[in-house]
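Residue strings, one per chain:
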Amino acid sequence: MFIVAERYWGNRVDASTQQIVSMSQRMIEKCCLQTYAASHFGRGRVSAHSKSLGFAPWCPSSQYSSWVKISAKTFSKLITTSVMRKHDVSVLIEDEDEEEPPLEQLSLAQHVITVEKFLPEAQILRDVFDKRFDNPRDISPERFMWDYWHVPDQYTLIRTQAQVYFSSALYDRLEDALISYGESVLGCRGITPIWMSYYVDGCVQELHCDNPHGPFAFVLSLTDWDARKFRGGETMILHPGVLDYWGSLYSSQQGLEQQQLVQLVEPKFNRLTVFDPRFPHGVKAVSGTRDPREARLVLHGWFTEPTPFFRGGLSADEAASALDDAMGDIMEILQDLPPATGILTIRLEVNGTTGEITKLEWLADTLIATPGPHGVPSDQVRAGMQQVISETLLGSADSPSNIRFPPSKDGTNTEITLPIVFE
Ligand SMILES: [Fe+2]
């Protein structure tokens, strides 16, 4: 027996496995697994081709309590046995020297995503901007809708709301494209109002974090990047290793420079950059042009409202009961694991005749294990959570999943995009 219960103030107590697991069920920091009720959010539009379902949060609150320290080996075994046997802890009591292979991550965290040639109408949007700045002596009203936004030592840029700048038809095409992407890839049903900003000489965004705005930020570039006459202008996002510097990047034998510390994303024309806005990020200072027509020009905002989406045979209402059961089973196990924060978006394929889940894809992953005294390596926490989700929904060779959706009325399969939010 090698599990040790450890109160965070240092009072160590030996305990049996059963006691530990029982205690952990009550006391380990809760992994708050949550989907958001669609009714809690008012922004954004839902495209006609998808149906959203408003779930009440499965686990609306978390209670921080750092109680239990377990080894990676035990953690691995706990995951496996929890999934297969629902806390049958007897299998944990084995020889301490037995080697247990590390759990495999089924998905790798991706904090920056780029999509090239995102919007078919990008050049039309760009042409509107160019036409309005074509004659510097023009005094038409459309030239006066810009805000010079200057927060000393933090933000300097010129911005406007895309919705007032472009025609309704053009704005709707832009918004629809972003919402469609958010639904199908990120599991988000809404976006914030879209900003448009240009950066000329002296414009900059210093490092900052946009934690409350939404789980994903986006930047859609209208910059003529290849013909640029300025320096700077890249979107910069701290590398994950910087946030775990002493545990990953630091070496007494080697110095580090910008490229090892910051990921720079060039705002190439019509490139959509999606990133985790909890990471410190900014825009490199622009220098070299004062002409708006030569500026760094971007549309930007945040994807919001993580919500399940359904395409195919089953409606949201028809799938609700089985999905609720599935997430309840997953939550029951995850709440006992070390904490994590971020979002995992998965896509399930449900057989229209049998109701079985036949396929699981990992779409978006910003999950980060929260450091703590539990002692489980970050990659093992992530892997464990993924294994729980996968084995509960898909089952395994030893233990088939008991999750069953109802057959669809016409027998066609259903595709469910499911964001799982950890807080
Ligand atoms: Fe930001």
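Residues numbered from 1 in each chain as written. Predicted model: local features only at pLDDT ≥ 70, side-chain atom pairs only at ≥ 80, totals over all residues.

(A) Region of the structure containing the overall build of the protein. Across its full length, the protein carries nine helices and 22 strands. The 423 residues of the protein split such that 38% are buried. Summarising the internal contacts of the protein: among those between residues at least 6 apart in sequence, 83% fall at separations of at least 24. (Helix = DSSP H or I, 4+ residues; strand = E, 2+ residues; numbered from the N terminus. Buried ≥ 20, exposed ≤ 12 C-beta atoms within 10 Å, placed from the backbone. Contact = placed C-beta atoms within 7 Å.)

(B) Inspection of the nonpolar core at higher detail. If you look at the biggest cluster of nonpolar residues, it comprises 76 residues, and the most contacted ones within it are Ala162, Tyr199, Phe216, Phe218, Leu299, Ile330 and Met385. For this core, the leading source of residues is helix 8 (residues 316–334), giving eight residues. Counting the residues that make up this core, at least three belong to each of domain 1 (4–107 + 309–422) and domain 2 (112–306). Residues in contact with Phe216, not counting those within four places in the same chain, are Leu186, Cys188, Val274, Asp276, Trp302 and Phe303. (Core = buried A, V, L, I, M, F, W, Y, C linked by C-beta atoms within 7 Å. Domains from an automatic or database assignment.)

(C) Structural context of the pairing of strand 13 (residues 235–238). What you see with strand 13 is a clean split: Thr235 and Ile237 sit on the buried side and Met236 and Leu238 on the side with no burial. Bridge analysis of strand 13 against strand 16 (residues 281–283) gives three bridges, and the strand direction is antiparallel. Bridge pairing links Thr235 to Val283 in strand 16. (Pairing = 2+ DSSP bridges.)

(D) Fine view of the packing of helix 8 against helix 9 (residues 378–394). Two elements in contact, helix 8 and helix 9, have axes whose closest approach is 10 Å; the angle formed by their N-to-C orientations is 150°. Helix 9 is crossed by helix 8, and the crossing has right-handed handedness. For the pair helix 8 and helix 9, contact is made by Ala326, Asp329, Ile330, Ile333 and Leu334 and by Met385, Val388, Ile389, Thr392 and Leu393, respectively. Of the residues assigned to the contact of helix 8 with helix 9, the class counts are eight nonpolar, one polar and one charged. (Axes fitted to C-alpha atoms, helices over the stretch in contact; angles between N-to-C directions. Left-handed = near helix turned anticlockwise from the far one by under 90°. Nonpolar A, V, L, I, M, F, W, Y, C, P; charged D, E, K, R; others polar.)

(E) Structural detail: the pairing of strand 7 (residues 147–151). Buried residues are scarce in strand 7, accounting for zero of its five residues. Pairing of strand 7 with strand 8 (residues 155–161) involves five bridges; the strand directions are antiparallel. Bridge assignment links Tyr148 to a residue of strand 8, and that residue is Ile158. Connecting the antiparallel pair strand 7 and strand 8 is a turn made up of three residues, with Asp153 showing a positive phi of about 65°.

(F) Quick peek at unusual backbone geometry. In this model, Asp153 sits at a positive phi of 65°, which is unusual for a non-glycine residue. Even without a glycine there, the phi angle at Asn270 is positive, about 65°. Tracing the backbone shows Asn270 in the loop between strand 14 (262–265) and strand 15 (272–275). A tally of 21 C-beta atoms within 10 Å means that Asn270 is categorised as buried.

(G) Spotlight on helix 8. Maximal helix bending in helix 8 amounts to about 30°, located at Ala322. Turning to helix 8, its buried residues number three or more, namely Ala319, Leu323, Ala326, Met327, Ile330, Met331, Ile333 and Leu334. (Bend = angle between axes of the 7 residues up to and from the residue.)

(H) Spatial organisation of the environment of Phe279. Its location among the elements puts Phe279 in the loop between strand 15 and strand 16. Residues Phe279 and His111 lie 168 residues apart in sequence; the distance between their C-alpha atoms is 8.2 Å. Sequence-distant contacts of Phe279, defined by excluding residues within four places in its chain, comprise His111, Ile237 and Leu238.

(I) Expanded view of the environment of Leu256. Within the secondary structure, Leu256 is located in the loop between helix 6 (240–243) and helix 7 (258–261). In this view, Leu256 contacts Leu249 and Leu261; residues no more than four positions away in its chain are not counted.

(J) Examining the confidence of the model for the protein more closely. Per-residue confidence for the protein gives a mean pLDDT of 80; residues scoring 70 or more make up 77%. Within the model, the stretch residues 1–70 combines pLDDT values under 50 with 150 contacts to residues more than four positions away or in other chains. (pLDDT = per-residue confidence, 0-100.)

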